[in-house]
Amino acid sequence: MPRLMPDFGRDLNEKIAASIQLPITFERLRTLARPGTDQYRLLHRAKIEAAYEMAFLRIFIAWEDALEQSFIRYLAGYSNSIGPLTPATTIVFHKKITTAEAYLYGGRDFLLWHNTTKVIQRSQRFFNLGLHELIFQSNSARLNDFAAIRHRIAHGQDDSKNKFNQATMTIAGKRYLGSRPGPFLRDWDRSATPNRRWIETISNEFVGLIRQIVP
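Residues numbered from 1 in each chain as written. Predicted model: local features only at pLDDT ≥ 70, side-chain atom pairs only at ≥ 80, totals over all residues. Heavy atoms only, no water.

1. Comments concerning the overall build of the protein chain
- Regarding its fold elements, the protein chain presents 10 helices and 2 strands.
- Across its three principal directions, the C-alpha atoms of the protein chain cover 65 × 35 × 35 Å.
- For the protein chain, the residues scored as buried account for 46% of the 215 residues in total.
- Long-range pairs, those at least 24 residues apart, make up 64% of the contacts in the protein chain between residues at least 6 apart in sequence. (Helix = DSSP H or I, 4+ residues; strand = E, 2+ residues; numbered from the N terminus. Buried < 20%, exposed > 50% of the residue type's maximum accessible area, 1.4 Å probe, protein only. Contact = heavy atoms within 4.5 Å.)

2. Observations regarding the environment of Asp187
- Take Asp187: it is sitting in the loop between helix 9 (181-186) and strand 1 (188-189).
- Here Asp187 falls in the buried class, since its relative accessible area comes to 17%.
- Along the chain, Asp187 and Ala62 lie 125 residues apart, while their C-alpha atoms are 22 Å from each other.
- When near neighbours in sequence (up to four residues on either side) are disregarded, Asp187 contacts Lys174, Tyr176, Arg196, Arg197 and Trp198.

3. Thoughts on the environment of Ser70
- Within the secondary structure layout, Ser70 lies in helix 3 (residues 45-75).
- Among the residues examined, Ser70 registers a relative accessible area of 0% and is labelled buried.
- Through-space distance from the C-alpha of Ser70 to that of Ile213 is 8.1 Å; in sequence the pair is 143 residues apart.
- In this structure, Ser70 is in contact with Met5, Phe8, His132, Ile210, Ile213 and Val214, ignoring residues within four places of it in sequence.

4. Things to note about the packing of aromatic side chains
- This structure, assessed with the given rule, holds 14 aromatic pairs.
- Judged by centre distance (6.3 Å) and plane angle (75 degrees), the ring pair of Tyr74 and Phe127 falls under edge-to-face. With Tyr74 in helix 3 and Phe127 in the loop between helix 5 (116-126) and helix 6 (131-138), this pair connects stretches of sequence that are 53 residues apart.
- The side chain of Arg122 reaches across the aromatic face of Trp113, ending 4.4 Å from its centre. (Phe/Tyr/Trp six-rings, centres within 6.5 Å; stacked < 30°, edge-to-face > 60°. Lys NZ or Arg CZ within 6 Å of the ring centre and 35° of its normal.)

5. Some thoughts on the pattern of salt bridges
- Within this structure, the stated rule accounts for 9 salt bridges.
- A salt bridge links Arg142 to Glu205; the shortest N-O distance between them is 2.6 Å. With Arg142 in helix 7 (residues 140-154) and Glu205 in helix 10 (residues 198-213), this residue pair connects regions lying 63 residues apart in the sequence.
- With a relative accessible area of 25%, Glu205 lands in the partly exposed category.
- One continuous salt-bridge network, built from bridges that share partners, spans Glu27, Arg186 and Arg197. (Salt bridge = Lys/Arg side-chain N within 4 Å of Asp/Glu carboxyl O.)

6. Description of unusual backbone geometry
- With omega at -5 degrees, the peptide bond leading from Thr193 into Pro194 counts as cis.
- Checked against the element boundaries, Pro194 lands in the loop between strand 1 and strand 2 (196-197).
- Of note, the phi angle at Ser179 is positive, near 50 degrees, even though the residue is not glycine.
- Residue position: Ser179 is located in the loop between helix 8 (158-171) and helix 9.
- Residue class for Ser179 comes out buried when judged on its relative accessible area of 11%.

7. A word on helix 8
- End to end, helix 8 covers 20 Å across 14 residues, agreeing with the expected 20 Å (1.5 Å per residue, within 8%).
- Listed in full, the buried residues belonging to helix 8 are Ser160, Phe164, Asn165, Ala167, Thr168 and Ile171. Take helix 8 and look down its axis: the buried residues cluster within an arc of 165 degrees, on one side only. With respect to the buried face of helix 8, the exposed residues turned more than 90 degrees away are Asp158, Gln166 and Thr170.
- Where helix 8 is buried, its residues touch helix 7, helix 9 and helix 10.
- Residue Gly173 follows helix 8 closely and has a positive phi angle near 80 degrees. (Expected span 1.5 Å × (residues − 1). Arc of directions from axis to C-beta.)

8. Overview of the packing of helix 3 against helix 7
- Running from N to C, helix 3 and helix 7 cross one another at 130 degrees; their axes reach a closest spacing of 10 Å. Taken together, the axes of helix 3 and helix 7 are oblique relative to one another. In the crossing of helix 3 with helix 7, the sense of the turn from one axis to the other is left-handed. In contact with Glu53, Phe56, Leu57, Phe60 and Trp63 of helix 3, helix 7 contributes Leu143, Phe146, Ala147, Ile149, Arg150 and Ile153.
- Taken together, the residues of the contact of helix 3 with helix 7 break down into 9 nonpolar, no polar and 2 charged. (Axes fitted to C-alpha atoms, helices over the stretch in contact; angles between N-to-C directions. Parallel < 35°, antiparallel > 145°, perpendicular 65-115°, else oblique. Left-handed = near helix turned anticlockwise from the far one by under 90°. Nonpolar A, V, L, I, M, F, W, Y, C, P; charged D, E, K, R; others polar.)

In structure tokens, the structure reads:
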């Protein structure tokens, strides 16, 4: 009896919904507060934008966790709705998740999943045409832009600012004052019907991609 992969798309979607609740709650409270009141001032735009940034960090962490956990289970021989992946030459799948994880880590304390090139190379090492490889190859530019948003929240160097500016120009067609991710994530994606905020658009893409990696 094949061991089936968990529903990573559903799990990621639930984690995203929980993460977005904080800034969305702030938005609703601000609409209820009267301008000029203490309540309204407490919900200053900068605080709401900071909540969007924290939400995106949690979303990105959940995305990376879904990538790693799905990779480990494929390495343990789990099947998606189509079947198991094919190991690369000389690679042997491990039946236990803990053993597969140790095999993947290779003595390292952690692995990075934001770098598209490294994820593709990692997949090529363990799998023959693995789904992580195929999906990252097809979406590398978009995923690099999403990683640039994450890095700008976590870092203040000029390089992170420049790459963030490049990302928003590609995604939204404009730059944001101070190279700040909060205003971008809170801004509206007017190409979507109905309009939604950019944090929601990106989150939906993460869910769509993990569902292609684990169909």
